[in-house]
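# Structural overview for review
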Amino acid sequence: MIAELGLAALWLAAALAALQLVCGALATHAGEGHDLALLTRPAAILQGGLAAFSFAMLVWVFAITDLSVKLVAANSHAMKPLVFKLAGAWGNHEGSMLLWVTVMALAGVLIAAVERRLPERTMQATLAAQGFVALGFYAFLLLSSNPFERLPIPAAEGMGLNPLLQDLGLAFHPPTLYFGYVGLSVAFSFAVGALVTRQVTPEFARAMRPWVLGAWVFLTLGITAGSYWAYYELGWGGWWFWDPVENASLMPWLAATALLHSAGVLAARDALRAWTIMLGVVAFSMSMLGTFLVRSGILTSVHAFAVDPERGSFILALLAIYIGGALLLFALRAGTVSEGERFAVASREGALVVNNVMLSAVLAIVLLGTLYPLLTEAFDVRVSVGPPYFNPVGTIFVAPMLLAMAVGPLLRWRQDSLGRVNREVALVAALILAALVLVSIVGEVSLLPLIGLSLAGGLAVASLLPLGGRTLRRVPLATWGMVAAHFGIAMALFGMASDSAFTKERLAALEPGQSAEAGPWRVTLDRVEPVAGPNWTALQASLSASYKGGEPIVLTPQARSFWAPPQQTTESALATRWNGQLYAVIGQEAGRGRWQIRLWWKPFVTWIWLGGMLVALGGVLALIGRVLADLKRRSVTRRARARRDEARALVAEPAE
Amino acid sequence: MTRWRLWVPLLLFAGFVGLAGYMLTKPKDEFVESRMVGKELPYFALRPATQDRPGVASADFRSGKPRLLNIFASWCLPCIAEARQLEALAKAGAEIDGIAIRDRPEDVAAFLRRHGNPYRRIGADDLSEVQLAIGSSGVPETFVIDGRGRIAYQHIGDIRAEHVPMLLEKLAEAGS
């Protein structure tokens, strides 16, 4: 019954999405004051409620492990801890698509209920676009991946969830990315709406910006968490593999970063109109493209998703309709959107354009590298594109972008000269050069990490310079957000460069009592013993690790065996210090009572994820700052209007 | 912006959709078979890819005993997955030589330290010249070479656990 309720709610929500599309489109076509326009917002709100209800029903059948539902039988197990039962609801294809439409519908609720700044016709077009996108996803769910499908005969026991995914970090990593993707779908709807009515204005950018910022924060968190998860769970000590699935999450982030900055220019200076619209379309395209690449199995990836060519075709069709449609609209309409304000090269806008061009170039490079195997495979040549391509080619564009990022925030809007900020520029340049020289004298570091280390140093200082000479208490929240995000980038960059430059690795076969050294650490194997968890057993090594002869810390890496489904995983053990992490993994038995122990000393590696979190925090600060400023502006206009009405009423009265 | 430029994104996107649509209709498990199977190995002599193993030359495969020739790279993810199976093959008595594709000595050394070293010899093929000459189009691939330097069998993709007995059988066949 619960599953049927969920399914019914899903059908109703789909019908309401269709209603939202029709009403919104007709109202847009007819212009202001059409009766149908009154239905669009309520349809969006009701649709959100129904989608959320449907998702709640799915979580419920997972919570009670209803094994007559196919999805539960295929992905859950009665013996699984509750939190992973719940996470199992979205840890699979059907459930994750339902989560996607639910979040999208809830975003629709928010726009329909709150957003009143834009001209009503643009809003109707935006909501119609939102309904159109949602409709496609409902169709996808209902026609080709129904999460509530029943089994003719209930299963005796579920198949269990892939043990690699039975991890708290991963329970929340996909939803985080989905929130990001959905935020970009809202930005997409706004872009389409503005393009339809040709009203690409600073107000449009202000209405869109919180969604882009929110999406960007979630994407940043999602990528950071995913990278950390891969780092400690896969047991390879690496944190980024340029795998198609990772690229699929990075590409929307790059596009969203560019969009964020160009929307800023549009909101503040009414410039870059067509470009911002284009980025709005591109950012969502990248989310859908990522979903397509991941779900269709068209590219080979270490992330083994349930792969199904039929679903692949369905997503490709959706992609063709939405993105193709939007690009067609862009080609037809963008020529009639006037160019907007002009600006000098040496100005804040100029720096942001450099940033946008470089980000787009990096995006193109990642996209090309990800799709290249697909292209060559069409000609029967199989290739694998990896770090030897992405790292150096990416650096060519990331390095100038970081330089623009260091100088840009110091420049004024519209027109400025580098001469005005020459002291700051000289300081940053000197810092970068000094770091270059210093690092290359101190140690043998290869070129890319060397560039990374010195740019990180320069950027860290440069990102703080916009605060210079200001009363800190009066700096706007959005500026704090920018400073935090830019500083976070510098931190993350430092972590990456330091990890690849200074990591010390050691593989040793140890008997209990013997020790090995990795960098400044001395690690002794105390014993290896079996331990048991709720649905696994493991061999656990106890290691005493001492940093530079200090007090030893106990580390317990495990080789776990799950029994539903049967699979082995490596649980690494980490000792974290402010200046890095010791990473320990237990390998196979090496014979004669010895065990393979792998050790890595990774100086400052944690700064990658701390930096990532700081970037996300910067986004949150900027979001709060923008929303507060908007609310303030809105209440000011409301009060002004009230006063005007009052005055008019006073003037009008004697005439009666 | 001139008018025609506005159409560029749509055209690029249409190209992508066409390509992706075409690829979706193609069966996925289509491998590129080498035309060299059944023929003699072409002449090559590769320098060592690491310090602790000699390089590989085509003459090494004329010793009379069949050997495996594994094409791998330190930057290749499936190669990590098959490392354990290569280890098992080596334990079962197979003699394995490796060719590292487009790699650097320090990366190869790190890869072997991390994932095990089942190889007798490892040659460095910096420009994929030998790889292409023997008809391999990707990494990893594994060739069975009989004792007279003839390519007896080609295995494309990573070696899974179930392929280990099959490869041992192919080796035995090539030796008889």
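Residues numbered from 1 in each chain as written. Chains lettered and ligands numbered in written order. Predicted model: local features only at pLDDT ≥ 70, side-chain atom pairs only at ≥ 80, totals over all residues.

## Things to note about the overall build of chain A
In terms of regular secondary structure, chain A is built from 17 helices and 10 strands. Relative to the globule expectation of 26 Å for 656 residues, the C-alpha radius of gyration of chain A, 27 Å, shows essentially globular dimensions. Overall, the C-alpha framework of chain A stretches about 105 × 75 × 55 Å when taken along its three principal axes. Counting over 656 residues, chain A shows a buried share of 49%. (Helix = DSSP H or I, 4+ residues; strand = E, 2+ residues; numbered from the N terminus. Rg over C-alpha atoms; globule rule 2.2 N^0.38 Å. Buried ≥ 20, exposed ≤ 12 C-beta atoms within 10 Å, placed from the backbone.)

## Structural notes on the domain arrangement of chain A
As assigned here, chain A comprises domain 1 (1-166), domain 2 (422-502 + 607-623) and domain 3 (504-603). On a C-alpha basis, the centroid separation for the pair domain 1 of chain A and domain 2 of chain A is 41 Å. (Domains from an automatic or database assignment.)

## A closer look at the sheet that holds strand β2 (residues 96-101) of chain B
Residues and elements named next belong to chain B. Across the sheet, 5 strands lie side by side as β3-β2-β1-β4-β5; this open sheet has mixed pairing. The strands lining the two open edges of the sheet, one partner per strand, are β3 (119-125) and β5 (151-156). On average, each strand axis in the sheet is tilted by 20° relative to the strand beside it, whichever way the strands run. (Pairing = 2+ DSSP bridges. Axes fitted to C-alpha atoms, helices over the stretch in contact; angles between N-to-C directions.)

## A short note on the interface of chain B and chain A
With 26 residues of chain B at the contact, the number on the chain A side is 33 residues. For the side of chain B that touches chain A, the elements supplying multiple residues, two or more each, are α1 (8-25) and α3 (105-115) of chain B. Per element, the largest residue contribution to the side of chain B that touches chain A is 11 residues, and it comes from α1(B). (Contact = placed C-beta atoms within 7 Å.)

## Describing the confidence of the model for chain B
Confidence along chain B averages 87 in pLDDT terms, with 95% of residues attaining 70 or more. The complex model carries a pTM of 0.79, and its ipTM stands at 0.78. (pLDDT = per-residue confidence, 0-100.)

## Describing the packing of helix α2 (residues 37-63) of chain A against helix α6 (residues 120-144) of chain A
Residues and elements named next belong to chain A. It is the contact of α2 with α6, at a shortest axis distance of 10 Å, that shows an interaxial angle of 45°. Judged by the inter-axis angle, α2 sits oblique to α6. For the pair α2 and α6, the sense of crossing is left-handed. Across from A37, T40 and A44 in α2, the residues of α6 making contact are E120, Q124, L127 and G131. For the contact of α2 with α6, the class distribution of residues is 3 nonpolar, 3 polar and 1 charged. (Parallel < 35°, antiparallel > 145°, perpendicular 65-115°, else oblique. Left-handed = near helix turned anticlockwise from the far one by under 90°. Nonpolar A, V, L, I, M, F, W, Y, C, P; charged D, E, K, R; others polar.)

## A short note on helix α9 (residues 244-269) of chain A
Residue and element names in this part refer to chain A. For α9, built from 26 residues, the straight-helix expectation of 38 Å at 1.5 Å per residue is met to within 8% by its first-to-last C-alpha distance of 37 Å. By the criterion of burial, α9 is predominantly enclosed, with 23 of the 26 residues buried. One or two residues past the end of α9 sits D270, with phi positive at roughly 55°. (Expected span 1.5 Å × (residues − 1).)

## Topic: the environment of A:P476
Note that A:P476 resides in the loop between α15 (447-464) and α16 (477-502). Along the primary structure A:P476 and A:F284 are separated by 192 residues, whereas in three dimensions their C-alpha atoms are 30 Å apart.

## Details of the pairing of strand β1 (residues 67-72) of chain B
A regular strand places its side chains on the two faces of the sheet in alternate fashion. Residue and element names in this part refer to chain B. Where burial is concerned, most of β1 is hidden: 6 out of the 6 residues are buried. When β1 meets strand β4 (residues 141-145), the two strands line up antiparallel, connected through 5 bridges. Residue pairing in the sheet places L68 in a bridge with V144 of β4. The pairing of β1 with β2 spans 5 bridges and is classified as parallel. Counted as the bridge partner of N70 is G98 from β2. Chirality of the crossover, the property in question, places the unit of β1, helix α2 (residues 77-91) and β2 among those that are right-handed. (Right-handed = clockwise from strand over helix to strand, strands pointing away.)

## Examining the environment of A:A156
Mapped onto the elements, A:A156 comes out in the loop between α6 and α7 (168-197). For the pair A:A156 and A:L67, spaced 89 residues apart in the sequence, the C-alpha separation amounts to 7.3 Å.

## Quick look at the nonpolar core
Of all hydrophobic cores here, the largest spans 186 residues; its most connected members are A:V101, A:A187, A:V212, A:A255, A:A256 and A:V281. With 17 residues, helix α8 (residues 202-233) of chain A is the single largest residue contributor to this core. For this core, the two domains that each supply at least three residues are domain 1 (1-166) and domain 2 (422-502 + 607-623) of chain A. Ignoring any residue separated from it by four or fewer positions in sequence, one finds A:V212 in contact with A:G183, A:A187, A:A256, A:L259, A:L260 and A:A263. Formed by 38 residues, the second largest nonpolar core is a distinct cluster that contains B:C79, B:A94, B:L112 and B:V144. (Core = buried A, V, L, I, M, F, W, Y, C linked by C-beta atoms within 7 Å.)

## Comments concerning the environment of B:I71
All names here are of chain B. Turning to its location among the elements, I71 is positioned in strand β1. Note on I71: 25 C-beta atoms within 10 Å, which makes it buried. Those residues in contact with I71 that sit more than four places away from it in its chain are I99, I101, Q131, S136, V139, P140 and E141.

## A few points about the pairing of β3(B)
All names here are of chain B. Counting buried positions along β3 gives 6 out of 7 residues, so the element sits mostly inside the fold. The pairing of β2 with β3 spans 6 bridges and is classified as parallel. Each bridged residue has a counterpart across the sheet, and for G98 the counterpart in β3 is I122. In terms of handedness, the path from β2 via α3 over to β3 forms a crossover that is right-handed.

## Topic: the packing of helix α14 (residues 422-442) of chain A against α15(A)
Residue and element names in this part refer to chain A. Across the interface, α14 lies against α15 with an axial gap of 8 Å and an inter-helix angle of 145°. The element α14 and its partner α15 pack so that their crossing is right-handed. For the pair formed by α14 and α15, the contact residues are V428, L431, I432, A435, L436, V439 and S440 on the first element and L450, L453, S454, L455, G457, G458, V461 and A462 on the second. Of the residues that constitute the contact of α14 with α15, the class distribution is 11 nonpolar, 4 polar and no charged.

## A look at unusual backbone geometry
Residue B:V139 is joined to B:P140 through a cis peptide bond whose omega torsion reads -10°. With respect to the element layout, B:P140 can be found in the loop between α4 (129-133) and β4. A positive phi angle is found at A:F604, which is not glycine, with a value near 65°. Topologically, A:F604 is positioned in the loop between β10 (594-603) and α17 (607-652). On the basis of neighbour counts, which here come to 23 C-beta atoms within 10 Å, the residue A:F604 falls in the buried class. Positive phi is not limited to glycine here, since B:R102 has a value of about 45°.

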